[in-house]
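Notes for the structure review
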Amino acid sequence: VAGAMGKLQSKISFHTTKYRADSSVGQTGPTGASQQHSPAHTDAVTSVAALKPDLCVSGGRDKSVAVSSWRSGAALRRFIGHEREVTKVTSALDCNRVFSASRDKTVMMWELHGTSGPSQHFPGHDLVVTGLAVSPDASQLCTGSRDNTVCKWDTETGECLGRAAISRNLVTHLCWVPGEPYVIQTSEDKTTRVWDSRELQVAHTFPAKQHIQTCCDVSQDGRYCLSSSSGCAGHGAEATLWDLRQTRGRVCEYKGHFQTTTSCVFLPRDPALAPSIATSSSDSTVKVWDQDTAGRG
């Protein structure tokens, strides 16, 4: 849970000395020797997301955003510009644009092969930005914050296209439904909401859980979403599968963690295997589950 927020500027001036992108080259030993690379961050990593089949993007407490290779482990590019820790990173898959949210109340867009500075800046939230989701075509961005608001932005112009506030809706995570105008949002008010991004209105709210909802994910076919719960000493800490298209109700629960479930994700489909999900927890474990039966693999 975020601490008290200081009075920070909501807009950051663009100075070439403030924003830079550094390239790091791994050290290569003799032929056949393993490569040694410097860490992508100098402090805790707070968020990671897929960028391309062989690249990922990460954000950290060191205020930086890094692009790294899945295959080699090398940090290929590092962006500096946020004034406080980066809380979330995302990108439309196979897109050259990277988005980062921060405790400095802003979101920035970076071009993987572009200039050294951010190509767009999205100020407007009053507190730390805790949710970040980009449309599949990367033309629009949804952001959420502990200020109880969800905002929609034009990524080309930086214009805020809409802002919606719901009392006690402290946003914890956002994800965009593939091929649809809908965005899933989890909250500290224990609910999971479905937003229609066209009018930025709540299209559906799933029944409230007993604990804070910490994270969400959407299946690639857009039929289901997952949410995860906080918990302690075996109480709560479950993940929940929700139906997005038919009943819009609860389908299944995945129980087994003893502390807060911090993240949940649908695993890539393998035609030879049953659909699976994965969860991570403050109890130091990662669990893989059969999506349909809630059995652990």
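Here we summarise the structure given alongside this text. Just so it is clear, the structure is predicted and the values come from calculations on it, not from any experiment. (Residues numbered from 1 in each chain as written. Predicted model: local features only at pLDDT ≥ 70, side-chain atom pairs only at ≥ 80, totals over all residues. Heavy atoms only, no water.)

**Overview of the nonpolar core**
Grouped together as the largest cluster of nonpolar side chains are 14 residues, with contacts concentrated most on F99, V107, F122, L132, V134 and L141. Where this core is concerned, the elements lending two or more residues are β7 (97-102), β8 (107-111), β10 (129-134) and β12 (149-154). With 3 residues, the top contributor of residues to this core is β10. Not counting the four nearest positions on each side in its chain, V134 is found in contact with T90, S91, A92, F99, Q140, L141 and W176. By size, the runner-up hydrophobic cluster in this structure holds 13 residues, among which are F79, V86, V98 and L112. (Core = buried A, V, L, I, M, F, W, Y, C linked by side-chain atoms within 4.5 Å. Buried < 20%, exposed > 50% of the residue type's maximum accessible area, 1.4 Å probe, protein only. Helix = DSSP H or I, 4+ residues; strand = E, 2+ residues; numbered from the N terminus. Contact = heavy atoms within 4.5 Å.)

**Description of the side chain of Q120**
With respect to the helices, strands and loops of the structure, Q120 is situated in strand β9 (residues 120-122). On the basis of relative accessible area, Q120 is assigned to the buried category, the value being 15%. Separated by 3.0 Å, the side chain of Q120 and the backbone oxygen of E156 make a polar contact. Filtering out sequence-adjacent residues up to four positions away, Q120 remains in contact with V107, M108, M109, T155, E156, T157 and G158. (Polar contact = N/O pair within 3.5 Å; in protein donor to acceptor, adjacent residues only side chain to side chain.)

**With respect to the pattern of salt bridges**
Enumeration over the complete set of coordinates arrives at 14 salt bridges. With a closest N to O distance of 3.1 Å, R97 and E111 form a salt bridge. Of this pair, R97 sits in strand β7 while E111 sits in strand β8, placing them 14 residues apart in sequence. Judged by relative accessible area, which is 16%, R97 ranks as buried. Notably, a salt bridge pairs D196 with R198, separated by 2.8 Å at the nearest N-O pair. Under the relative-accessibility criterion, D196 is labelled buried at 15%. (Salt bridge = Lys/Arg side-chain N within 4 Å of Asp/Glu carboxyl O.)

**Considerations on unusual backbone geometry**
Despite not being glycine, K63 shows a phi value in the positive range, around 75°. Within the secondary structure, K63 is located in the loop between β3 (55-60) and β4 (64-69). In this structure, A237 takes a positive phi of about 65° despite not being glycine. For A237, the location among the structural elements is in the loop between β21 (235-236) and β22 (239-243). Residue A237 is classed as buried on the basis of its relative accessible area, which comes to 0%.

Read these as spatial facts, not as claims about activity.
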